[in-house]
Structure formats: C-alpha cells, structure tokens
Amino acid sequence: MIFTWSDIIDASANSAKSISISNEGYSIIVDQNNEYSLEAQIVYELGELDPIALEENDVTVNVEKITYNGLEQNFPITVVKGNEELVLGTHYTITNGCKKDVGTYTVTITFIGIYSGSYQVECEIEKTKLIVTVSDENITYGDAKPNFSVTYNGFVNSETESVLGGELTFSSEYVQYSNVGEYVVSATGYTSNNYEIL
C-alpha cells in the first residue's frame, strides 16, 4: 500500500515534515515528498531446544584409579566430547561416585543441560600397602623364645591394627638352647580388605 502526504494529513498540519503510521510491529513513515519507508520489528520467539542425545561412542570417559586413604573419595572422572571437556554439574552428574573402601564400583554418568543420555563406567579403589616388620630381639644362649612384637608402616587416616582382621602369629626356627646365631622371625595371620599387608 502507498500512502501519499495528502492521503494522511489535512491542511491544518501542513507545517509537519513527516508522519508515521504504525500497526502491529511495523511503521510506515511518509515525508513531504511523498516518499515513504517501512520500519519493521521482527520478534523471534525461541522455544526449548531438544537436548542432544549422547551415546557411548560420542564421548570419551577417563577414570583414574585411586588408592584407599581411609576417607570418602570422589572418583577422578573426566568426560570429553570431541575436543571439548564437559563440565560436571553443567553437562553431567555422577551417581555412586563417592566411596571409601577398596573395591570396584559401577558409576553412572547422566548428561544434563543441552545433552541427554547416560553412561556407566567401572571405577576402582585399590589397596594401600601396609608393611608389618618384626622387631629385632637380642637374647642370650639358653633363653626361652621371646615375645615378639611388630611395627607398622602404612596406616592411613590415623588407623591402627584394630582395623585388621585375623590374628597375628610368629614363627621361627629358634627354640630354647638353640645354637648361638641369627634366626629369622616371620609374622603372619593378619587380613584386610583395604590394606595389602607386606
């Protein structure tokens, strides 16, 4: 539609230089030379985008083994899509990802935000090493077998031998009136789910 100056203004408004007619988001501006321009405002209404479904082949999940330390630990997990490292809490959440004791656990990664889907990985807590050493004993020829003792190196989080199972026993070839010399004493019997006893 073409609007001319005479179409839209009366004689009492001849001093006006331009006039604007607006309707539902657009404006037609007419000047004295009967030239007009159209100004339009376009509104884009964005709906919710469907999340991108991620499958096992779409991502690389890196899991580091951790060693028992006597505390609850979060498994070190990174999730990479192409060259992008996804962000925990923004792109995914982790279920069953905090454990204390030695073992293998199934951890679920659930994608959120712009992604959807889930992924399961196996995470492992390994035993920590505990060295049990029999203390040296000096005895005199003819003495009875002494009461041996041990020292520990490797307990974590202030734990003690009270967390160990089994019963400590000592064995040695020495008996009373054995010949003078050095005798090896070994200690066995302890068990543990969280310590590798050496």
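Here, every reference points to the structure presented above.
Note that this is a predicted model, so its numbers are computed, not measured.

1. Re a nonpolar patch on the surface
A contiguous nonpolar surface patch, about 410 Å² in accessible area, is contributed by Y141, Y177 and V180. The residue V180 is located in the loop between β17 (165-172) and β18 (185-191) in this model. We classify V180 as exposed; its relative accessible area is 75%.

2. Remarks on the packing of aromatic side chains
Scanning the entire structure with this criterion turns up eight aromatic pairs. Between F148 and F170 the ring centres are 5.7 Å apart and the planes differ by 45°, which places this aromatic pair in the tilted class. Of the two residues, F148 sits in the loop between β15 (128-134) and β16 (150-153) while F170 sits in strand β17, which places them 22 residues apart along the sequence. The exposure class assigned to F148 is buried, which follows from its relative accessible area of 15%. Taking relative accessible area as the criterion, F170 reaches 31% and is therefore assigned partly exposed. Considering the side-chain rings of Y152 and Y190, the 6.3 Å spacing of their centres and the 40° angle between planes classify their relative orientation as tilted. Of the two residues, Y152 sits in strand β16 while Y190 sits in strand β18, which places them 38 residues apart along the sequence. An aromatic cluster is defined as three or more aromatic residues linked by ring pairs; in this entry it consists of Y68, Y152, F155, Y190 and Y195.

3. What to know about the side chain of S192
Note on placement: S192 falls in the loop between β18 and β19 (195-197). Overall, S192 belongs to the buried group, its relative accessible area being 15%. Within polar-contact distance, the side chain of S192 engages the backbone nitrogen of Y195 at 2.9 Å. Contacts of S192, omitting those with residues within four sequence positions, involve K127, L164 and I197.

4. Thoughts on the environment of V156
With respect to the helices, strands and loops of the structure, V156 is situated in the loop between β16 and β17. Spatially, the C-alpha atom of V156 lies 9.6 Å from that of Y195, the residues being 39 residues apart in sequence. Apart from the residues within four sequence positions on either side, V156 is in contact with Y68, N69, G70, T128 and Y195.

5. As for the environment of V79
Its place among the elements puts V79 in strand β8 (residues 77-81). Separated by 20 residues in the primary sequence, V79 and V59 have C-alpha atoms spaced 6.7 Å apart. Apart from the residues within four sequence positions on either side, V79 is in contact with V59, T60, V61, E84, E85, L86, Y92, I109 and F111.

6. Topic: the sheet that holds strand β14 (residues 118-126)
Taken together, the four strands give an open sheet; going across it, the order is β6-β14-β12-β10, and neighbouring strands pair in mixed fashion. If you trace the sheet from one side to the other, it starts and ends with β6 (66-67) and β10 (92-95), each paired once. Both β10 and strand β12 (residues 103-111) contribute to a ladder of four bridges, which runs antiparallel. From the neighbouring strand, T93 faces β12, where its bridge partner is T110.

7. Describing the nonpolar core
The biggest cluster of nonpolar side chains holds 28 residues, and the ones touching the most others in it are V61, F75, I77, V79, I109 and F111. Elements represented by at least two residues in this core include exactly β8, β12, β14 and β15.

Cut-off values and rules
- Residues numbered from 1 in each chain as written.
- Predicted model: local features only at pLDDT ≥ 70, side-chain atom pairs only at ≥ 80, totals over all residues.
- Heavy atoms only, no water.
- Patch = residues over 30% accessible without salt bridge, like charges linked within 9 Å, V, L, I, M, F, W, Y side chains within 5 Å.
- Areas by Shrake-Rupley, 256 points an atom, 1.4 Å probe, with all protein chains shown as cover.
- Salt bridge = Lys/Arg side-chain N within 4 Å of Asp/Glu carboxyl O.
- Helix = DSSP H or I, 4+ residues; strand = E, 2+ residues; numbered from the N terminus.
- Buried < 20%, exposed > 50% of the residue type's maximum accessible area, 1.4 Å probe, protein only.
- Phe/Tyr/Trp six-rings, centres within 6.5 Å; stacked < 30°, edge-to-face > 60°.
- Polar contact = N/O pair within 3.5 Å; in protein donor to acceptor, adjacent residues only side chain to side chain.
- Contact = heavy atoms within 4.5 Å.
- Pairing = 2+ DSSP bridges.
- Core = buried A, V, L, I, M, F, W, Y, C linked by side-chain atoms within 4.5 Å.

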